[in-house]
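Listed below are the residues making up each chain.
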Amino acid sequence: MSAIDLNADLGEGFGRWRLTDDDGLLSVVTSANVACGFHAGDAATMRRVCALAAERGVTIGAQVSYRDLAGFGRRAMDVPSAELAAEVAYQIGALEVFARAAGARVAYVKPHGALYNRVVRDEEQAAAVVEGVLLAGPALPVLGLPGSRLLDLAGKAGLGAVLEAFADRAYTDAGTLVPRGQEGAVVEDPGAVVERSVGLACHGRVTARSGASVEVRARSLCVHGDTPGAVDLARRVRRRLEESGVRVEAFA
């Protein structure tokens, strides 16, 4: 029987604003990528999400990003390596306080938005993220795109390199994500998202935007929490995976 983790980006609010249905998603997913205050999230939100995750037995991960609250971490930024490494460590450390207070721990790290896409090919920025993870210590697994420089460097540094896929994002023939600014970058049909989830979990393949079948091996599947009907869609994905004989469990 194959196994897959279901992760979602959570805690993506700030002050009085809440973007994700954290309570609903934590009843479905097995891993929570918790915003650490740089692209979204604040201290109270981090504390609340960590407490809920620990109560539900959901693994807590630090979702680190560029310091970009105004742009939700999706704007391209050039941050010096030493500064980026320190900021990654800072975000992990902040979340760890609340995870430990809830009787849990930060179990992995996942970059967000522009940083996630940048470290697919940018050696210097990828190395800075790895340095930040090591600085925060102990060694934590890193979640990222198959074939990325980040995962390659994480593996060489002795960190776990965990492959991730997206059922609701369009892929190129090279197995990378279609940039969000391009038409069709997000798959909006719920039925298609569910079937793509099964294809990724059971066969390690997804249909690219061109119509080609592309190999995408993954141990974790992301279900976005900031889309309409996210909780219901996540439930449908999990139910269909389990009906297909896939064991849904956290990787860390």
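A brief look at the structure comes next. (Residues numbered from 1 in each chain as written. Predicted model: local features only at pLDDT ≥ 70, side-chain atom pairs only at ≥ 80, totals over all residues. Heavy atoms only, no water.)

Points about the overall build of the protein
Phase 1 of the analysis: Tallying secondary structure elements over the protein gives eight helices and 12 strands in all.
Phase 2 of the analysis: A compact globule built from 252 residues should have a C-alpha radius of gyration of about 18 Å, and the protein, at 17 Å, falls within 12% of that.
Phase 3 of the analysis: The C-alpha extent of the protein, read off along each of the three principal axes, is 40 × 40 × 35 Å.
Phase 4 of the analysis: Pairs at least 24 residues apart make up 72% of the contacts formed inside the protein by residues separated by at least 6 positions.
Phase 5 of the analysis: As displayed, the protein offers around 10700 Å² of accessible surface, 51% of which is attributable to carbon and sulfur atoms.
Phase 6 of the analysis: Side-chain charges in the protein split into 28 positive and 31 negative, and the spacing between the mean points of these groups amounts to 3 Å. (Helix = DSSP H or I, 4+ residues; strand = E, 2+ residues; numbered from the N terminus. Rg over C-alpha atoms; globule rule 2.2 N^0.38 Å. Contact = heavy atoms within 4.5 Å. Areas by Shrake-Rupley, 256 points an atom, 1.4 Å probe, with all protein chains shown as cover. Lys, Arg positive; Asp, Glu negative; His and termini not counted. Charge placed at Lys NZ, Arg CZ, Asp CG, Glu CD.)

A closer look at the layout of surface pockets
Phase 1 of the analysis: Of the volumes computed, that of the largest pocket is approximately 340 Å³.
Phase 2 of the analysis: Lining the largest pocket are 21 residues; nearest its centre among them are R74, G113, A114, N117 and R180.
Phase 3 of the analysis: Breaking the lining of the largest pocket down by element, the ones donating at least two residues are β6 (106-111) and α4 (113-121).
Phase 4 of the analysis: Tallying contributions element by element places α4 first for the lining of the largest pocket, with five residues. (1 Å grid on protein atoms, 1.4 Å probe; cavity = no way out; pocket = protein on both sides within 12 Å on 5 of 7 lines; lining within 4 Å. Points joined across faces, edges and corners; volume = space filled by probe spheres on them.)

Some remarks on the packing of aromatic side chains
Phase 1 of the analysis: According to the stated counting rule, one finds three aromatic pairs in the structure shown.
Phase 2 of the analysis: Between F38 and Y90, the ring centres sit 5.9 Å apart and the planes meet at 45°, which makes this aromatic pair tilted. A residue pair is termed long-range when its members are at least 10 positions apart, and F38 in the loop between β4 (31-35) and α2 (43-56) and Y90 in helix α3 (residues 81-101) qualify at 52 residues.
Phase 3 of the analysis: Using a relative accessible area of 5% as the deciding quantity, one classes F38 as buried.
Phase 4 of the analysis: A residue is classified by how much of its surface remains accessible, and Y90, at 56% relative accessible area, is exposed. (Phe/Tyr/Trp six-rings, centres within 6.5 Å; stacked < 30°, edge-to-face > 60°. Buried < 20%, exposed > 50% of the residue type's maximum accessible area, 1.4 Å probe, protein only.)

As for the nonpolar core
Phase 1 of the analysis: Judged by nonpolar contacts, the single largest core of 73 residues is most densely connected at L26, I92, L95, V133, L221, V237 and L241.
Phase 2 of the analysis: The biggest single contributor to this core is α3, with six residues.
Phase 3 of the analysis: Ignoring sequence-local partners within four residues, the contact set of L221 consists of I4, D5, L6, N7, A165, F166, A167, S197, L200, V237 and L241.
Phase 4 of the analysis: Grouped together as the second largest cluster of nonpolar side chains are five residues, A107, Y108, L143 and V162 included. (Core = buried A, V, L, I, M, F, W, Y, C linked by side-chain atoms within 4.5 Å.)

With respect to the pairing of strand β5 (residues 59-64)
As a general feature of sheets, a regular strand has side chains that alternate between the two faces.
Phase 1 of the analysis: The buried fraction of β5 amounts to six of the six residues, a majority that puts the element mostly inside the structure.
Phase 2 of the analysis: Bridging between β4 and β5 involves five bridges; their strand directions are parallel. Residue pairing for β5: A32 is matched across the bridge by I60.
Phase 3 of the analysis: In this fold, the crossover linking β4 to β5 by way of α2 has right-handed handedness.
Phase 4 of the analysis: With five bridges connecting them, β5 and β6 associate as parallel partners. (Pairing = 2+ DSSP bridges. Right-handed = clockwise from strand over helix to strand, strands pointing away.)

Overview of empty space enclosed by the protein
Phase 1 of the analysis: Counted by the stated rule, this structure contains two cavities of 30 Å³ or more.
Phase 2 of the analysis: By volume, the largest cavity is sized at about 50 Å³.
Phase 3 of the analysis: Taken together, A167, D168, V193, C222, V223, H224, A230, L233, A234 and V237 make up the lining of the largest cavity.
Phase 4 of the analysis: At four residues, the largest contribution of residues to the lining of the largest cavity is made by helix α8 (residues 230-243).
Phase 5 of the analysis: Here the residues of the lining of the largest cavity are counted per class, giving eight nonpolar, one polar and one charged.
Phase 6 of the analysis: By volume, the second largest cavity is sized at about 30 Å³.
Phase 7 of the analysis: In this structure, the second largest cavity is lined by P111, Y116, V119, V120, G144, L145, S148 and L150.
Phase 8 of the analysis: Of the residues forming the lining of the second largest cavity, the biggest block, three residues, is contributed by α4. (Nonpolar A, V, L, I, M, F, W, Y, C, P; charged D, E, K, R; others polar.)

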